[in-house]
Each structure stands twice: as C-alpha cells, then as structure tokens.
Amino acid sequence: MTPTEVLQLAKENGARQVDLRFSDIPGLQHHISYPIGELTETSFQDGYGIDGSSIRGWAAINESDMLLIPDPETAFMDPFMETPTLVMLGDVRDPLTRQNYERDPRWIAKKAELYLKNSGTADTAFFGAEAEFFIFDNIRFDQNAHSGFYFIDADEGRWNSSREQNNLGYRPRYKEGYFPVPPTDHHQELRSEMVATMERCGLVIECHHHEVATAGQSEIDQRFNTLVKSADNMMLYKYIVRNTANQFGKTVTFMPKPIFGDNGSGMHTHQSLWKAGKPLFAGDGYAGLSTMALHYIGGLLKHARALSAIIAPTTNSYKRLVPGYEAPVNLAYSRRNRSAACRIPMYSSSPKAKRVEFRPPDPSCNPYLGFAAMLMAGLDGVLNRIEPGEPLDKDIYDLSPEEMKSVPSMPGSLEEALTCLEEDHQFLLKGDVFTEELLETYIEYKRRNEAEAIRLRPHPYEFSMYYDI
C-alpha cells in the first residue's frame, strides 16, 4: 500500500486508533498507539517520537530519543481489538541523522537483503519458516529466594490420563501426536480459527496440523516469502496464534522445550536463492541441488555453532537440542532425513521447489536476526565455495560411536553457543549487516540476563538429586 491507500483503508474500516509495532533485540514485539487523527500522509516521512531507553538491548538513557517511521506496506486492521485499530510496523531511525537505527532488528534484516543483491550472487532470498507451539489450558510458574516451580495444565496432556473429573480420554501418547484426527486432536477448531484470522490479515497459509508431542503441540505452515517479509509475517503469526488462543480461554507458548520427555518445538526454516525470477538451487548435484546450493549448505554447517546463539537463543533451546527427540543436534546434510541439520525436501522435482531446510532454529529466536544470520552464513559458503562434505543418509541416531566422532554437533548450552559466536562472527559483519557493537551488546545481554541468571539459581530437580547428599 501507499500512504494514501493506508489512509483510505483506515477510513473504510472506521479506524479510531493507529498502532505502531517494532521488535526488540531478543524478539519481543512492542507497540504504541495514537488516535487516528494523528496519522496523516506526512507521518510516513516525519514519524513519531519514542523513548528507546527501556527497550532491551537498545539505547542508553542519554541517547534514547528515537523516531518510529510507519511502513505502509505492512498495514492491516487488528482482528482482536473492539476499538477499530489500524496496525503498521515501524522502522526505527535516529532523529538527528535520520539514519536507520543499527540495533533495529528489522533494519538488520533489510541490510542482509541489500548485501545479497550487492554481492551479485542473487537478488532474492526466500524463507519459509515452520514455527511449532504448544497450547495449554493453564500455566503457573514462579522463582524466588526460597521456592521455584512451574505447573502446566493441558487437557490434552498425556499426564492427565488419570484425571478423575472431566476425563474423556483421547490423548496422544508421548511422541505419537503426529496427525491424529479429533477427538484425539483437541484443537482442530482452534487452529482453524487461527488460520482464518491469519488469512484475513493477509498471511498465506498452506496447512495446519497436530505435531508429534502431546499437550497440544501444533504447527501452522505459512507460504514462503522474501526474507524481511517472512520475518514480518512470523511476528504477525505469533500475535494471531497467541490472541486467538486467548479468546478460546487457552494459552500458547513458543518456548522450545516446555514438556520434559517429549518433543520440543522447532522452527525449521526453508531457504533458497533466486536471480531475475529464476531459482538458483536446482541442479544436477546431490539430491538435485546446484553447486551454489551445496556451498550454501557448506556455509550453514560451517557457521552453525555460531549461528546457534541467534537461532536457538535461549537456555531452554538446549533442552530441545538433545538426541532422541527429532532435534538436529548433529551437523550434517541429507535428502529426506529429518535427523540431519540440513535436509533437502524431495516432495517435488520442480526447480522452483528446490530448497534447503535448516532444522536447528526454534521459535524463540528473533526472526529478523535469525533469517539475516542464516542468509549471511549460507552466502559466505557460496562466495567462498565452502564444501559441505559427504551427505549422511543414515539415521544419525543409529550411528556407532566411531562414526559419530566425525560428525560435528551443535553446542550443548547457551553459554557455549555465545562463546562460539564470539569466536566466529566475521561472516556476519560483511556489508555492515551486523556490527561488532550489536553483537557485543547481544552476547553481553544474553550472558548476563539469561545464561548467568539460570546458572545462579537452584533447579527444583537438584533437590531430588542432592538434598540427602
């Protein structure tokens, strides 16, 4: 849309508020609202002043004035607000220089697209991410100086099979939740409503289904799009999923591993490069891939341990990235094999369908940073002709210890992942896509506020193991 068309959309829908949204570095979306009369055509150049000092990882209080510039191409009417509300994403700029703010995740994603075009390798990177989530009925958690607990209540949870009241059975067994029909799939209607709302807001949805885990694990697949647009769509996807569940009296989490002993939630990310409207990943190499695609895989695998700090960015991420739960712990590539970090889907022989699926990411990551970092790693592989090694078409979890020694693996903790990023991040700095200052801020924030925060606190299970030591 143009600014004029946005104003017309607001008028046609009787909008009374305009809501501008942006993302912090960890990936939480924020918003600020104005009466619709405050939105004019000049607003799309002048922007709106905001205080950036309280946004995680952003400016210090002595340099906190920011401008939020509405992006007319992102406009839609909020489906959840009783007060008619027009929503747009905002780009963050410095009010003095009018330059884009270097810590705005959306700007980093835009720079990644610019770097790709300037490289001459391709002009478009397509991303299609499959973000899984859990649907719970109730969640309680707390941590203080003398206690710590979490309690999950999910009607579909397997552990509720012995519930005395309101128990109608039909719950997926652990690791057996893939594609059961209702009533075992308790959330068909809820997901259908999520999909309908997504389509009203402009998302293109391909399918939805129950996932492998019990307790309402679900997946809704979006159509692929360009890098920035796919990241925009992922933020909208999460917003709609959470708010639709809330309307049904449910709660949703994109936490990677909320349930012990069952599969976690991933965000498998399909990627391909195109130029002048033609796909570049199809060829006569392994699994029908081009040399460029194999080098792209080489870049992803080479930098995967550093990428992990951005694409699996929480302490909880490394409870998902363990063997035995379909999580891609080991860094290898294969056609069809879902136990490999890089999988080449074989559903179609069409060159346009040829892509690489990178499986380590999870939905706790900031999609702007995650997609940008993956593109930079893959592009580094293309520009430096990094070979991915031999494919691994066996079930990785059945390999002997001797065979496993030659297969590198993902980090085992957030702390290890952050160290990997410190040691390997030059590929992210090319084209000034990421900056040293941003990465230092990111690593310091994650260490101090997440890795250290968890390390300092007793874990409930430690009492079971050590109380009588």
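For the structure, check the block above.
Thresholds applied
- Residues numbered from 1 in each chain as written.
- Predicted model: local features only at pLDDT ≥ 70, side-chain atom pairs only at ≥ 80, totals over all residues.
- Heavy atoms only, no water.
- Helix = DSSP H or I, 4+ residues; strand = E, 2+ residues; numbered from the N terminus.
- Rg over C-alpha atoms; globule rule 2.2 N^0.38 Å.
- Buried < 20%, exposed > 50% of the residue type's maximum accessible area, 1.4 Å probe, protein only.
- Contact = heavy atoms within 4.5 Å.
- Areas by Shrake-Rupley, 256 points an atom, 1.4 Å probe, with all protein chains shown as cover.
- Lys, Arg positive; Asp, Glu negative; His and termini not counted.
- Charge placed at Lys NZ, Arg CZ, Asp CG, Glu CD.
- Core = buried A, V, L, I, M, F, W, Y, C linked by side-chain atoms within 4.5 Å.
- Expected span 1.5 Å × (residues − 1).
- Bend = angle between axes of the 7 residues up to and from the residue.

Participant: Got a sec to walk through the overall build of the protein chain? Specific residues and values, please.
Facilitator: Scanning the protein chain for helices and strands turns up 14 helices and 18 strands. Against the compact-globule benchmark of 23 Å for 469 residues, the protein chain has a radius of gyration of 23 Å, which places it among compact chains. With the principal axes as the frame, the protein chain shows a C-alpha extent of 65 × 60 × 45 Å. Here the protein chain holds 469 residues, and 53% of them are scored as buried. Residue pairs in contact within the protein chain that sit at least 24 positions apart in sequence constitute 68% of those at least 6 positions apart. Only carbon and sulfur atoms are counted for the fraction: they give 51% of the accessible area of the protein chain, which is about 21500 Å². Looking at charge distribution, the protein chain has the averaged site of its 48 positive side-chain charges lying 4 Å from that of its 65 negative ones.

Participant: Account for the environment of Gly283, with residues named and values stated.
Facilitator: Examined against the element boundaries, Gly283 turns out to sit in the loop between strand S15 (278-279) and helix H6 (291-302). Among residues more than four places away in sequence, those in contact with Gly283 are Gly288, Leu289 and Ser290.

Participant: With reference to specific residues and values, describe the nonpolar core.
Facilitator: With 116 residues, the main nonpolar core has Leu86, Tyr237 and Phe434 as its most contacted residues. Not counting residues up to four positions away in its chain, the partners in contact with Tyr237 are Ala131, Phe133, Met198, Leu203, Glu219, Ile220, Gln222 and Phe254. Counting residues in hydrophobic clusters, the runner-up holds seven residues, among them Ile152, Ala154, Ala213 and Ile259.

Participant: An account of unusual backbone geometry is needed here, citing residue identities and associated values.
Facilitator: With an omega of 10 degrees, the peptide bond between Pro182 and Pro183 qualifies as cis. Looking at where Pro183 falls in the secondary structure, it is placed in the loop between strand S9 (148-153) and helix H4 (188-200). With a phi close to 65 degrees, Ala215 is a non-glycine residue in the positive phi region. Assignment of secondary structure puts Ala215 in the loop between strand S10 (205-210) and strand S11 (218-222).

Participant: Tell me about helix H13 (residues 436-455), and please be specific about residues and values.
Facilitator: For H13, spanning 20 residues, the distance from its first C-alpha to its last is 26 Å, which sits close to the expected 28 Å at 1.5 Å a residue. The sharpest bend along H13 reaches about 40 degrees and sits at Arg447. Where H13 is concerned, the buried positions are Leu438, Leu439, Thr441, Tyr442, Ile443, Tyr445, Lys446, Arg447, Glu450, Ala451 and Ala453.

Read these as geometric descriptors, not functional statements.
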